[in-house]
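What follows is the residue order along each chain.
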Amino acid sequence: MLKKRSLPALSATLLSALLSLPALADEASVKKAVEAKLGTKVSSVTKTPYLGLYEIYADGQILYTDEKLTALFAGTLIDGKTMKNVSAERMQKLTAINFSELPLELAVRQVRGNGKRVMASFEDPNCGYCKKLAKEISKLDNITLYTFLLPILSPDSLEKSKQIWCSADKARAWNEWMQDGKALTGKGDCDTSAVQKTVELGRKLGITGTPTLFFADGERVPGAVPMAQIEKKLEQAMVSK
């Protein structure tokens, strides 16, 4: 009786393992073929439930193809039943980070109210959208803000970043420049290695534009998003922590 009961369970386990092997093999072969075709490293390959397509994540973007690489295309994949943007949801997951691993000592820190809500941003001091964002988030309360100075727009951006970092009150210098356009007075002659480390961190995280926001749950949001969206995301991140 014991043997009869154990055999079905064993068979089911083996069957499950066998069924999983072809999918894994297909994903591996698709990855190898795509890398050979594009000449670039593929971060991940995932079989989708749509039309036999595979999701290819490489160089910070999503591509789709079939197992034979009949065609490669980049675009938005919409679920026909739910009308959800599958590509956008996947991109959120693929570009998310572990917030706790951010080197926060490299950022300009501001605490308002109880500081319980947390957000990090990568910004260039000459970025117009960053200045727009700075005015918006000045309205936020009960938050801790970490601003990473990412001078990627011009040599002057690097000079301004150094001036802000060397200011006696970094947060005040940043806010007065970004929100009010008040001239920077810092000399930029202190240890500014934090700025260069931030540039290197930006490359590692694949940040190509400013502003780029990160929330406590690790989600990445590029661009100057509306205040309502930021508030909503801050609350969602608090719940999911």
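Remember, predicted model here, so these are calculated numbers, not experimental data.

About the thresholds
Residues numbered from 1 in each chain as written. Predicted model: local features only at pLDDT ≥ 70, side-chain atom pairs only at ≥ 80, totals over all residues. Heavy atoms only, no water. 1 Å grid on protein atoms, 1.4 Å probe; cavity = no way out; pocket = protein on both sides within 12 Å on 5 of 7 lines; lining within 4 Å. Points joined across faces, edges and corners; volume = space filled by probe spheres on them. Helix = DSSP H or I, 4+ residues; strand = E, 2+ residues; numbered from the N terminus. Nonpolar A, V, L, I, M, F, W, Y, C, P; charged D, E, K, R; others polar. Buried < 20%, exposed > 50% of the residue type's maximum accessible area, 1.4 Å probe, protein only. Pairing = 2+ DSSP bridges. Axes fitted to C-alpha atoms, helices over the stretch in contact; angles between N-to-C directions. Contact = heavy atoms within 4.5 Å.

Caption draft 1: Inspection of the layout of surface pockets at higher detail. The computed volume of the largest pocket comes to approximately 400 Å³. In terms of lining residues, the largest pocket is bounded by 20 residues, among which Tyr57, Thr95, Leu205, Gly206 and Arg220 are the most central. For the lining of the largest pocket, the secondary structure elements donating two or more residues are helix 2 (86–94) and strand 9 (220–222). The dominant element in the lining of the largest pocket, judged by the number of residues it contributes, is helix 2, at 4 residues. In the lining of the largest pocket, the residues fall into 9 nonpolar, 7 polar and 4 charged.

Caption draft 2: Molecular detail of unusual backbone geometry. Each neighbour pair has its own omega, and for Thr210 with Pro211 the value is -5 degrees, a cis peptide bond. Within the secondary structure, Pro211 is located in the loop between helix 6 (193–204) and strand 8 (212–215). You will see that Leu69, though not glycine, has its phi angle at about 55 degrees, which is positive. Residue classification places Leu69 among the buried positions, given a relative accessible area of 15%. A positive phi angle is found at Met83, which is not glycine, with a value near 65 degrees. Secondary-structure assignment places Met83 in the loop between strand 4 (72–73) and helix 2.

Caption draft 3: Local environment of the sheet that holds strand 6 (residues 117–123). Across the sheet, 5 strands lie side by side as 5-7-6-8-9; this open sheet has mixed pairing. In this open sheet, the two edge strands, each paired with only one partner strand, are strand 5 (108–112) and strand 9. When strand polarity is set aside, the average angle formed by the axes of neighbouring strands in this sheet is 20 degrees. As paired elements, strand 6 and strand 7 (residues 143–149) share 7 bridges and run parallel to each other. If you follow Ser121 over to strand 7, its bridge partner there is Thr147. The strands touched by helix 3 (residues 128–137) are strand 5, strand 6, strand 7 and strand 8; relative to strand 6, the strand with the most contacts, the crossing angle is about 160 degrees. Contacts between helix 6 and the sheet are confined to strand 6 and strand 7, with strand 7 contributing the most and set at about 90 degrees to the helix.

Caption draft 4: Region of interest: the sheet that holds strand 4. Within the open sheet, the 4 strands sit side by side as 1-2-3-4. Their pairing is antiparallel. Of all strands in the sheet, those with a lone pairing partner are strand 1 (44–47) and strand 4, marking the two edges. Packing against the sheet, helix 2 makes contact with strand 1, strand 2 (54–58) and strand 3 (61–65), and its axis sits at approximately 130 degrees to strand 3.

Caption draft 5: Examining the pairing of strand 1 more closely. Examined bridge by bridge, strand 1 and strand 2 share 4 bridges and lie antiparallel to one another. Residue pairing across strands places Val45 opposite Ile56, the latter belonging to strand 2. The loop that links strand 1 with its antiparallel partner strand 2 comprises 6 residues; one of these, Leu51, has a positive phi angle of about 55 degrees.

Caption draft 6: Inspection of the environment of Ile62 at higher detail. Within the fold, Ile62 resides in strand 3. With relative accessibility at 8%, the residue Ile62 sits in the buried group. In this structure, the C-alpha to C-alpha distance between Ile62 and Val45, residues 17 residues apart in sequence, is 9.8 Å. Leave out the neighbours within four places in its chain, and Ile62 touches Glu55, Ile56, Tyr57, Ala74, Ser87, Arg90, Met91 and Leu94.

Caption draft 7: Structural view of the pairing of strand 7. Among the 7 residues in strand 7, 7 count as buried, and that is most of the element. A two-sided burial pattern is seen for strand 7, the buried positions comprising Ile143, Leu145, Thr147 and Leu149 on one face and Thr144, Tyr146 and Phe148 on the other. Bridging between strand 5 and strand 7 involves 5 bridges; their strand directions are antiparallel. Looking at the pairing, Val111 lines up with Thr144 of strand 7.

Caption draft 8: A look at empty space enclosed by the protein. Taken as a whole, this structure holds 1 cavity of 30 Å³ or more when the rule is applied. Of the pockets and cavities examined, the largest cavity occupies roughly 40 Å³. Around the largest cavity sit Gln110, Arg112, Ala134, Ile137, Leu145, Thr147, Trp174, Asn175 and Gln179, which together line it. If you list the elements that add at least two residues to the lining of the largest cavity, you get strand 5, helix 3, strand 7 and helix 5 (170–180). No other element matches helix 5, which puts 3 residues into the lining of the largest cavity.

In short, shape yes, function no, at least from these values alone.
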